[in-house]
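Each chain, letter by letter, is given below.
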Amino acid sequence: MAILILAKDKERSLLRRHPWVFSGAVSRIVGKAPQPGETVEVHAQNGRFLARAAYSPQSQIRARVWSFDEAEEINADFFRDRLKRALRLRDVLDNSEAAALRLVNAESDGLPGVIVDRYAHVLVCQFLSQGAEFWRETIVRELQQIFPDHVIYERSDSEVRSKEGLELRTGLLVGKALPDHVEIVENGLRLLVDVRQGHKTGFYLDQRDSRFALRQYAAGREVLNCFSFSGGFSLSALKAGASRVTNVDMSQPALDLAARNIALNGFDAGRSEHICADVFKLLRQFRDEERRFDLIVLDPPKFADSRGQVDRACRGYKDINLLAFTLLKPGGILFTFSCSGLMETGLFQKVVADAALDAGRDARMLTRLGQAPDHPTGMAFPEGYYLKGLVCMAM
Ligand code: SAH
C-alpha cells in the first residue's frame, strides 16, 4: 500500500480526526503510485501512522480518511461495520415501513462521499468521491444484505463528482423496477418522491423537523411557501389548519408534485395556489401589489459554493428576507433558512437582523432550527453542519 507522507506540521487536523487531507499538506508519496480511490496510508513527516484514506489525484481534497485506527483494514467487513454503525444511530428515529430517512451521511458517518437515503422500500445511493466510487460494488452488496427486499437506485449525478474527476451516473442497481413515484410518510403526511428526477436523491429530508416545527405556528394563517419544491412545508401548514397556502417555485414539475401531494392528503385544493416564478421577482411584485401574509417560508437553494461567493450570498439572503419582512402582517411569522455551509449561523442571523431593520420591522427571534438528526455532524467535521433556520416574528 502506498504511503502518503505529509509535510512538516501538517498532521494537526488529522490528529483531531478531521477526515480530509488537502493537496497542499502532502509532501510525497512512497511506494507504487496509487490508482484513484485506492486505499493509502497517511503518515506524518516523522513517520507516525495517522490514517488509512482513499486517494483522489484530481481533487483539492487529495485523500479522505476511512479509518484512524492502524489495526483496521479497509475491506468489506469495514463497510459492513460502518453501515451498521450508521443504522444504529438512527434506531431512535422513525424507521417504519413507509418512513424516509438518510441512512448514511458521508463524512459524518465515517463514510466520506457516501450518501444513502431510504424512501420506504427504495434506497437511493450517491457515490461522490473517488474512494466511494472505488468501493461502490462492495457497499451496494452490503446494503443488499442488510435490506434484502429493497430496490437500490443510484443518483450519482451531483456536480461534486466532477471535482473528483468522475462522470455523472444514475440507474437501477438492485431490484426489477422502480415506480415513477415512491410514497413515503413523514410525520403522518403522505408524500410522493420522484427518485429518478427529483432534486438531490428525490426529496429534502434534512428539513423534516423544521416542516414539523411549522405546525405550531400555522393554524388559521395565510402561508406563503417560497422555494416550495414538492410542498412539504405547505402540507404541514394545511395539517395544522392554515387558511391558505401559496407555493412558489421556478420548477413546474416540483409544483405539480406539490399539488398531487396536497390532494393525496385529502386537503381542499381550493385552499392552495401554485405559482411558477422566480421568488426574487415575485416578492417584489407582491410588495408592489401590497399583498400581505401571516406566515412566510424562505427555503432557498445554496447561494455560496466557495468562500469567494459568501458576500454575494449575503446580499441574496438580505434581499429576500427584507422583502419577506415587508410582506408580513403585524405578528406575522418568518421561517427563514440557509443551506450554504459556508454561511455561518452568526452571520446568517446578522443578515436576517439587518433585513428586518431595513424593512423597518421590529422583529424577534423565537427559535433556531437545523438539519434533522438523520443528517448528523461528525464532532470533528464541523463542515457537516450546513442547514440553519430562524423563526422570527415581526411585530
Ligand atoms: N422547502 C423545500 C425544499 C426547497 S429546495 C422542501 O421542504 O422540500 C429549493 C427549491 O427552490 C427548489 O425546488 C428549486 O426549484 C427552487 N428554486 C431555486 N431557485 C429559485 C428561484 N430563484 N425562484 C423560485 N424557486 C427557486
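Thresholds, definitions, all that
Residues numbered from 1 in each chain as written. Predicted model: local features only at pLDDT ≥ 70, side-chain atom pairs only at ≥ 80, totals over all residues. Heavy atoms only, no water. Phe/Tyr/Trp six-rings, centres within 6.5 Å; stacked < 30°, edge-to-face > 60°. Lys NZ or Arg CZ within 6 Å of the ring centre and 35° of its normal. Pairing = 2+ DSSP bridges. Helix = DSSP H or I, 4+ residues; strand = E, 2+ residues; numbered from the N terminus. Axes fitted to C-alpha atoms, helices over the stretch in contact; angles between N-to-C directions. Contact = heavy atoms within 4.5 Å. Buried < 20%, exposed > 50% of the residue type's maximum accessible area, 1.4 Å probe, protein only. Core = buried A, V, L, I, M, F, W, Y, C linked by side-chain atoms within 4.5 Å. Arc of directions from axis to C-beta. Polar contact = N/O pair within 3.5 Å; in protein donor to acceptor, adjacent residues only side chain to side chain.

Visitor: Explain the packing of aromatic side chains to me, please; I cannot follow it from the model alone.
Guide: How two aromatic rings sit relative to each other is given by the distance of their centres and the angle of their planes. Overall, the coordinates contain 14 aromatic pairs when judged by the stated rule. Through a chain of ring-to-ring contacts, three or more aromatic side chains come together here, namely Trp 66, Phe 78, Phe 79, Phe 134 and Trp 135. Across the ring face of Phe 286, the terminal group of Arg 291 is positioned such that the distance to the ring centre comes to 4.5 Å.

Visitor: Got a minute to help me understand the sheet that holds strand β11 (residues 169-174) in this structure?
Guide: Strands pair in a sheet through their backbones, by hydrogen bonds, and they do so in one of two ways: parallel or antiparallel. Pairing within the open sheet is mixed, and its five strands lie in the order β7-β8-β9-β10-β11. Only two strands of the sheet have a single neighbouring strand rather than two, namely β7 (100-105) and β11. Strand-to-strand, the axes of this sheet are offset by a mean angle of 20°, without reference to chain direction. Across five bridges, the pairing between β7 and strand β8 (residues 114-119) is antiparallel.

Visitor: In this structure, what is going on with the sheet that holds strand β15 (residues 244-249)? I would like to understand it.
Guide: Taking strand neighbours across the sheet as the criterion, the seven strands line up as β16-β15-β14-β17-β18-β20-β19 in an open arrangement whose pairing is mixed. Pairing within the sheet leaves two strands with one partner each, and these edge strands are β16 (272-276) and β19 (363-370). With strand direction ignored, the average angle separating the axes of adjacent strands in the sheet is 15°. Set on the sheet, helix α9 (residues 279-289) makes contact with β14 (222-226), β15, β16 and β17 (293-298); between it and β14 the angle comes to about 150°. Contacts from helix α10 (residues 310-327) reach β14, β17, β18 (328-338), β19 and β20 (388-394) within the one sheet, and its direction differs from that of β18 by about 160°.

Visitor: Just checking my understanding: could you explain unusual backbone geometry for this structure?
Guide: As a rule of thumb, non-glycine residues mostly have phi less than zero, and peptide bonds are mostly trans rather than cis. You will see that Asn 187, though not glycine, has its phi angle at about 45°, which is positive. Assessed through its relative accessible area of 33%, Asn 187 is described here as partly exposed. Even without being a glycine, Lys 200 presents a positive backbone phi close to 55°. On the accessibility criterion, Lys 200 (31% relative accessible area) is partly exposed.

Visitor: Even after reading the chapter, I still don't get the nonpolar core, so can you show me in this structure?
Guide: Note that soluble globular proteins tend to have their nonpolar side chains buried in a common cluster. Ranked by internal contacts, the top residues of the largest apolar core, which has 41 residues, are Tyr 119, Val 195, Phe 203, Leu 295 and Phe 335. Val 195 has contacts with Tyr 119, Val 122, Val 124, Tyr 153, Arg 155, Leu 178, Val 182, Thr 201 and Gly 202, leaving out every residue within four places of it along the chain.

Visitor: I tried to follow α9 on my own but got confused; where do I start?
Guide: Structural remark: α-helix, 3.6 residues per turn; residues separated by three or four positions point the same way. Taken together, the buried positions of α9 are occupied by Val 279, Leu 282, Leu 283 and Phe 286. With its buried residues spanning 100° around the axis, α9 presents them on a single face. The exposed residues of α9 that point more than 90 degrees off its buried face are Lys 281 and Asp 288. On its buried face, α9 is in contact with β14, β15, β16, β17 and α10. At the N-terminal boundary of α9, the capping side chain belongs to Asp 278, with an oxygen 3.0 Å from the backbone nitrogen of Phe 280. Positive backbone phi, at 60°, marks Glu 290, one or two positions downstream of α9.

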